[in-house]
2 protein chains.
Amino acid sequence: MNLVVDADRVLADLKELHERHGGPGGARRLAWSEDWLAAREWFKGKLAELDGVTVDRDEAGNIWAELPGANDDGGFVIVGSHIDAVPSGGWLDGCLGVMAALGVMRALAGSGVRPPVTVRLVDWADEEGARFGRSLLGSSAAAGTLDPDDVRDLRDAKGTRLQDALAACDVDLDGAGAAHSRLEGALAYLELHIEQGPVLLDTGRLASAVSGTFGDERYLITFKGQSAHAGSTPMRLRKDSLAAAATAALEIREVGIRHDGVCTVGAMTADPGVITAIAGSTEMMLDLRHLDADALATMLEENLDACRRAADQFDCEVSHRRVFGATPTPFHPKLVQLARGAVDAAGGGDGDPIPSGPLHDATEIGRLVPTVMIFAQSDPPLSHTAIEDSPEEALRVAIEAYGRTVGGALDAVAAGELQEARA
Amino acid sequence: MNLVVDADRVLADLKELHERHGGPGGARRLAWSEDWLAAREWFKGKLAELDGVTVDRDEAGNIWAELPGANDDGGFVIVGSHIDAVPSGGWLDGCLGVMAALGVMRALAGSGVRPPVTVRLVDWADEEGARFGRSLLGSSAAAGTLDPDDVRDLRDAKGTRLQDALAACDVDLDGAGAAHSRLEGALAYLELHIEQGPVLLDTGRLASAVSGTFGDERYLITFKGQSAHAGSTPMRLRKDSLAAAATAALEIREVGIRHDGVCTVGAMTADPGVITAIAGSTEMMLDLRHLDADALATMLEENLDACRRAADQFDCEVSHRRVFGATPTPFHPKLVQLARGAVDAAGGGDGDPIPSGPLHDATEIGRLVPTVMIFAQSDPPLSHTAIEDSPEEALRVAIEAYGRTVGGALDAVAAGELQEARA
């Protein structure tokens, strides 16, 4: 179906939200805060204006709205994203997708015709994890990958436990997994987001279909050599842990380039870390990502090999500790194809779908439900900062393409083309 | 003259000092502390036992003892080192040289014969700079290179000003430069010290003449790139300041090897320094040392060139700030030759003199007075730690060689061979 989202209205909603719960200092919508709750009340008010749309909340704190479709066999399509933000974040991250989804519901509700299948809108709770360090909380509860024991005792900067912060918002952590039932019958999940990176800006594209989200491996690597006096120790007798780490970091960079993934050494901490001493030990932070699980595994192996070789070269020892892992989530080929065509039709050109380095709620949902994302160009290509922005033209193209993709997805499910849902 | 120092007595004095003002937890002789003052009182008691030796203190807090020589034309030879220590330091750093100098005075005073020229012993004040960060305080006051305004407001961990700590020990910082008069007529300065490094241990030598102390340049180097998301930023679009720093550090290492000096990058601090971000800026600590001033200048130039090239390679900018500099101090060729022969005669073998990477009081005095040092092997090759040690055999060889070198220097000055003193 031809689903035309009113981009002016979406932009107006985004600006109103930013005026109320953001401003020059950036977003004020930290998950589980009063500001966040107030922003969601404002949002529910918008939903309440739509004919035939009902609103409720699931056990994990995710807000759902539903517009029944002509076919009542229980299948439905989901549109949405998240309203929560990092402190002093931008005006687009997450809420662009929620306001565009609101635009979808508005277009459908205002058409006077029921959509071919039911459409549900979701505002996921705590995508950012900015307060307790655990991202994708609401969507992982729905996907069934959240273990309450893993997060119960996480504390915010003031010492408040995650479990208690949720309880204060009437969410029982131990019951959050019941939100999984919301995905029963889900036939597609579609999310619009800003890119948060430089690829579209660099290639002059305003929007793109997204091919999936990268898998991610995070390690702390420790090189141990021998601390010694910088003046009294000849070069040939050194066991320089920082030189070993530097050598490994540069080779790790080449691994990322070779496999068309990303490998990042974001920090090195030397001990004793003074100007007159050779570093006795150096800890290195490593993050590596790839859309393909095999390539990610190969990169990891080559990275750890590079660390071992560098340690050998400088007479050091090396050890490593895994601190995080997420598997790659390729999106649904049919939906990616639809989204690519929709971007083209909206004036964004016919470019290859790009992968997403950052995780999104679509990462969790994409494991269970046919999923696709559309990205709008970021300029500056930065996010999680108050200067986050996108050209209005890029937002318009992306919003139109999102509406077209949802319309195409509704047609596809009506035609029985996406009924392989796994939830 | 054949000057035989009683090595047993020197070792006994060292052990007594360590028992009184050290112990299993390490040395307790931080400059300007009560422990340090008490250790010096104990030392003055040792000097008071010697016939014909007078003791006083100069305006910078250095302790001097004098044994008049047969020739009273005002020329004299200086022996000594420092009794102060870093917190929890070892039992040899500094005090080996002071107790060996005491051994020299004891041998001379006990011989019943006046030495050919006057001999002065010195215990320099605050060589370590461990409390206020300014090394070589007493010897630089004597050498005329201490500017009171540079150090007046330095504070210790408790907030006490250096000037006030000195005043509490009856030293007026502004008058400290008057200690310079103590070098008028100085014909030679001889200092025994442990190596504090691995060269003698690595080559199986027990002791060595020292050819001089390295010049030292210390810089903070800052690479500025662009902080960005580790997941959303492709390798080709990165301005990775940590990769630039790593590249520079490895090339800087090669510069040190190529010029037979030492170049050390002891720390890198990345900002924001988190696992999910490319480092937007990275500050690197650089220390480089060489015995030859031209080679030091060349190494510095090549190091800064390496930083510029690395910055260019990763699309970063680089800036640098000098935080410390000391010129090389080559020791006196005639005295180095004497010391080399003395080490051989004492059973240490005929090895090439080695340079000292660490600074010593001899660095300051060597700019003005013909100077030489002798090093004893360190095993483990570490210092500034309670586990600092040297084989007793190495200490005996070094002490004997030191006595022989002082004897040779007295003969040389009596023969008019060192009268080019510049003080």
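Keep in mind that this is a model prediction, so the values were computed, not measured. (Residues numbered from 1 in each chain as written. Chains lettered and ligands numbered in written order. Predicted model: local features only at pLDDT ≥ 70, side-chain atom pairs only at ≥ 80, totals over all residues. Heavy atoms only, no water.)

### Some details on the overall build of chain A
Part 1 of the reasoning: Regarding its fold elements, chain A presents twelve helices and 15 strands.
Part 2 of the reasoning: Across its three principal directions, the C-alpha atoms of chain A cover 85 × 45 × 40 Å.
Part 3 of the reasoning: Here chain A holds 423 residues, and the buried ones make up 60% of them.
Part 4 of the reasoning: Of all intrachain contacts in chain A linking residues separated by at least 6 positions in sequence, the fraction that spans at least 24 positions is 78%. (Helix = DSSP H or I, 4+ residues; strand = E, 2+ residues; numbered from the N terminus. Buried < 20%, exposed > 50% of the residue type's maximum accessible area, 1.4 Å probe, protein only. Contact = heavy atoms within 4.5 Å.)

### As for the relation of the copies chain A and chain B
Part 1 of the reasoning: Mapping chain A onto chain B leaves a residual RMSD of 0.1 Å; the transformation is a rotation of 180 degrees accompanied by 0.1 Å of translation along its axis. When the rotation and shift are considered jointly, the pair of chain copies conforms to a two-fold rotation axis. Among all residues of chain A, the minimum C-alpha distance to the rotation axis is found for Ala246 of chain A, at 2.3 Å.
Part 2 of the reasoning: A shared interface surface links the copies, since 98% of the contact residues of chain A are contact residues in chain B too. (Least-squares fit on C-alpha atoms with pLDDT ≥ 70 in both.)

### Details of the interface of chain A and chain B
Part 1 of the reasoning: Contacts between chain A and chain B engage 56 residues on the former and 55 residues on the latter.
Part 2 of the reasoning: In this assembly, chain A packs against chain B so that about 4100 Å² is buried in total across both faces, 68% of it on carbon and sulfur atoms.
Part 3 of the reasoning: Area buried by chain A at its contact with chain B is led by Met235, Arg253 and Ile275 of chain A, which between them contribute 17% of it.
Part 4 of the reasoning: Scanning the region where chain A abuts chain B turns up two salt bridges.
Part 5 of the reasoning: Between Asp202 of chain A and Arg236 of chain B there is a salt bridge; the shortest N-O distance is 2.6 Å.
Part 6 of the reasoning: When residues of the side of chain A that touches chain B are traced back to their parent elements, those giving at least two are helix 7 (199–203), strand 7 (215–224), helix 8 (241–258), strand 9 (262–271), strand 10 (277–278) and strand 11 (281–290) of chain A.
Part 7 of the reasoning: Taken together, the residues that form the side of chain A that touches chain B break down as 31 nonpolar, 17 polar and eight charged. (Buried area = accessible area lost by both parts, 1.4 Å probe. Salt bridge = Lys/Arg side-chain N within 4 Å of Asp/Glu carboxyl O. Nonpolar A, V, L, I, M, F, W, Y, C, P; charged D, E, K, R; others polar.)

### A closer look at the packing of helix 1 (residues 7–21) of chain A against helix 3 (residues 95–110) of chain A
To describe two helices that pack against each other, one gives the angle between their axes and the distance between the axes.
All names here are of chain A.
Part 1 of the reasoning: Taken N-terminus to C-terminus, the directions of helix 1 and helix 3 make an angle of 135 degrees; their axes are 9 Å apart at the nearest point. One finds that helix 1 runs oblique with respect to helix 3. For helix 1 against helix 3, the interelement crossing comes out right-handed. For the pair formed by helix 1 and helix 3, the contact residues are Arg9, Val10, Asp13, Leu14 and Leu17 on the first element and Cys95, Leu96, Met99, Ala100, Leu102, Gly103 and Arg106 on the second.
Part 2 of the reasoning: Looking at the contact of helix 1 with helix 3 residue by residue, the classes come out as eight nonpolar, one polar and three charged. (Axes fitted to C-alpha atoms, helices over the stretch in contact; angles between N-to-C directions. Parallel < 35°, antiparallel > 145°, perpendicular 65-115°, else oblique. Left-handed = near helix turned anticlockwise from the far one by under 90°.)

### Details of the sheet that holds strand 12 (residues 317–326) of chain B
Residues and elements named next belong to chain B.
Part 1 of the reasoning: Within the open sheet, the four strands sit side by side as 9-11-7-12. Their pairing is antiparallel. For this open sheet the edge positions go to strand 9 (262–271) and strand 12, each flanked by a neighbour on one side alone. Within this sheet the neighbouring strands show an average axis-to-axis angle of 15 degrees, counted without direction.
Part 2 of the reasoning: With nine bridges connecting them, strand 7 (residues 215–224) and strand 12 associate as antiparallel partners. Paired with Tyr219 across the bridge in strand 12 is Arg322.
Part 3 of the reasoning: Its contacts with the sheet put helix 9 (residues 293–313) on strand 7, strand 9, strand 11 (281–290) and strand 12, and the angle it makes with strand 11 is roughly 160 degrees. (Pairing = 2+ DSSP bridges.)

### Notes on the pattern of salt bridges
One side chain can pair with another of opposite charge once the charged atoms of both are near each other.
Part 1 of the reasoning: What the rule picks out here adds up to 63 salt bridges over all chains.
Part 2 of the reasoning: For the salt bridge of Asp153 of chain A with Arg161 of chain A, the shortest nitrogen-to-oxygen distance reads 2.9 Å.

### Observations concerning the packing of aromatic side chains
Part 1 of the reasoning: According to the stated counting rule, one finds six aromatic pairs over all chains in the structure shown.
Part 2 of the reasoning: A centroid spacing of 5.0 Å and a plane angle of 65 degrees characterise the contact between Trp32 of chain A and Trp36 of chain A, whose relative ring orientation is edge-to-face. We note that Trp32 of chain A, like Trp36 of chain A, is buried.
Part 3 of the reasoning: A ring pair is formed by Trp64 of chain B and Trp124 of chain B, whose centres lie 5.6 Å apart and whose planes are at 80 degrees; its orientation type is edge-to-face. Within this pair, whereas Trp64 of chain B is found in strand 2 (residues 63–67), its partner Trp124 of chain B is found in strand 4 (residues 117–124), the two being separated by 60 residues in sequence. No difference in accessibility class separates Trp64 of chain B from Trp124 of chain B, as the two residues are buried.
Part 4 of the reasoning: In textbook terms, an aromatic cluster arises when at least three aromatic residues are bridged by ring pairs, as seen for Trp64, Trp124 and Tyr189 of chain A.
Part 5 of the reasoning: The ring centre of Phe324 of chain B lies 4.4 Å from the NZ or CZ of Arg218 of chain B, which sits over that ring. (Phe/Tyr/Trp six-rings, centres within 6.5 Å; stacked < 30°, edge-to-face > 60°. Lys NZ or Arg CZ within 6 Å of the ring centre and 35° of its normal.)

### Some thoughts on unusual backbone geometry
Part 1 of the reasoning: Cis geometry is adopted by the peptide bond preceding Pro272 of chain A, which originates at Asp271 of chain A and carries an omega value of 5 degrees.
Part 2 of the reasoning: Along the chain, Pro272 of chain A turns up in the loop between strand 9 and strand 10.
Part 3 of the reasoning: Within the chain, Ser88 of chain B stands out as a residue other than glycine whose phi angle is a positive 55 degrees.
Part 4 of the reasoning: Relative to the elements of secondary structure, Ser88 of chain B occurs in the loop between strand 3 (71–82) and helix 3 (95–110).

### Side note on the domain arrangement of chain A
Residues and elements named next belong to chain A.
Part 1 of the reasoning: Assigned domains of chain A: these are domain 1 (7–213 + 328–414) and domain 2 (215–326).
Part 2 of the reasoning: Once you take the C-alpha centre of each, domain 1 and domain 2 turn out to be 36 Å apart.
Part 3 of the reasoning: Each side of the interface is counted separately: domain 1 has ten residues, and domain 2 has nine residues.
Part 4 of the reasoning: In total, domain 1 and domain 2 occlude about 610 Å² of area from one another, counting both sides; carbon and sulfur atoms represent 72% of this.
Part 5 of the reasoning: On the domain 1 side of the interface with domain 2, the three residues burying the most area are Pro328, Gly357 and Leu359, jointly 67% of the side's total.
Part 6 of the reasoning: For the interface between domain 1 and domain 2, the tally reads zero salt bridges.
Part 7 of the reasoning: For the interface between domain 1 and domain 2, the tally reads one residue pair in polar contact (both at pLDDT 80 or more).
Part 8 of the reasoning: Breaking the side of domain 1 that touches domain 2 down by element, the ones donating at least two residues are strand 6 (207–213) and strand 13 (329–330).
Part 9 of the reasoning: In terms of residue count, the dominant contributor to the side of domain 1 that touches domain 2 is strand 6 (three residues).
Part 10 of the reasoning: Residue composition of the side of domain 1 that touches domain 2, by class: five nonpolar, five polar and no charged. (Domains from an automatic or database assignment. Polar contact = N/O pair within 3.5 Å; in protein donor to acceptor, adjacent residues only side chain to side chain.)

### A few points about the sheet that holds strand 9 of chain A
Pairing between the strands of a sheet comes from backbone hydrogen bonds, and it takes one of two forms, parallel or antiparallel.
Residues and elements named next belong to chain A.
Part 1 of the reasoning: In space, the four strands of this open sheet follow the order 9-11-7-12, with antiparallel pairing throughout. Here the strands that pair on one side only, and so sit at the sheet edges, are strand 9 and strand 12 (317–326). Neighbour to neighbour, the strand axes of the sheet diverge by 15 degrees on average, direction disregarded.
Part 2 of the reasoning: Here strand 7 runs beside strand 11; their pairing, made up of ten bridges, is antiparallel. Counted as the bridge partner of Arg218 is Asp287 from strand 11.

### Topic: helix 12 (residues 392–414) of chain B
Part 1 of the reasoning: Given a rise of 1.5 Å per residue, 23 residues ought to cover 33 Å, and the 33 Å separating the end C-alpha atoms of helix 12 of chain B matches this to within 8%.
Part 2 of the reasoning: Among the residues trailing helix 12 of chain B, Gly416 of chain B stands out with phi positive, at a value near 75 degrees. (Expected span 1.5 Å × (residues − 1).)

### Focus: the environment of Ala125 of chain B
Residue and element names in this part refer to chain B.
Part 1 of the reasoning: Along the chain, Ala125 falls in the loop between strand 4 and helix 4 (137–143).
Part 2 of the reasoning: As for Ala125 and Leu92, which are separated by 33 residues in sequence, their C-alpha atoms are 16 Å apart.
Part 3 of the reasoning: Filtering out sequence-adjacent residues up to four positions away, Ala125 remains in contact with Trp32, Trp36, Arg40, Ala60, Gly61, Asn62, Leu137 and Gly138.

### Overview of the side chain of Asp123 of chain A
All names here are of chain A.
Part 1 of the reasoning: Its location among the elements puts Asp123 in strand 4 (residues 117–124).
Part 2 of the reasoning: When its relative accessible area of 0% is taken as the criterion, Asp123 is described as buried.
Part 3 of the reasoning: Within polar-contact distance, the side chain of Asp123 engages the backbone nitrogen of Ile83 at 2.9 Å.
Part 4 of the reasoning: Beyond its immediate stretch of four places on either side in the chain, Asp123 contacts Arg40, Phe43, Asn62, Ile63, Ser81, His82, Ile83 and Val98.

### Some remarks on the side chain of Ser241 of chain A
Residues and elements named next belong to chain A.
Part 1 of the reasoning: Looking at the element boundaries, Ser241 is found in helix 8.
Part 2 of the reasoning: Reaching out from Ser241, the side chain makes a polar contact with the backbone oxygen of Ala279 at a distance of 2.7 Å.
Part 3 of the reasoning: Once residues lying within four places of it in the same chain are set aside, the contact partners of Ser241 are Phe223, Lys224, Gly225, Ala279, Gly280, Ser281, Thr282 and Cys316.

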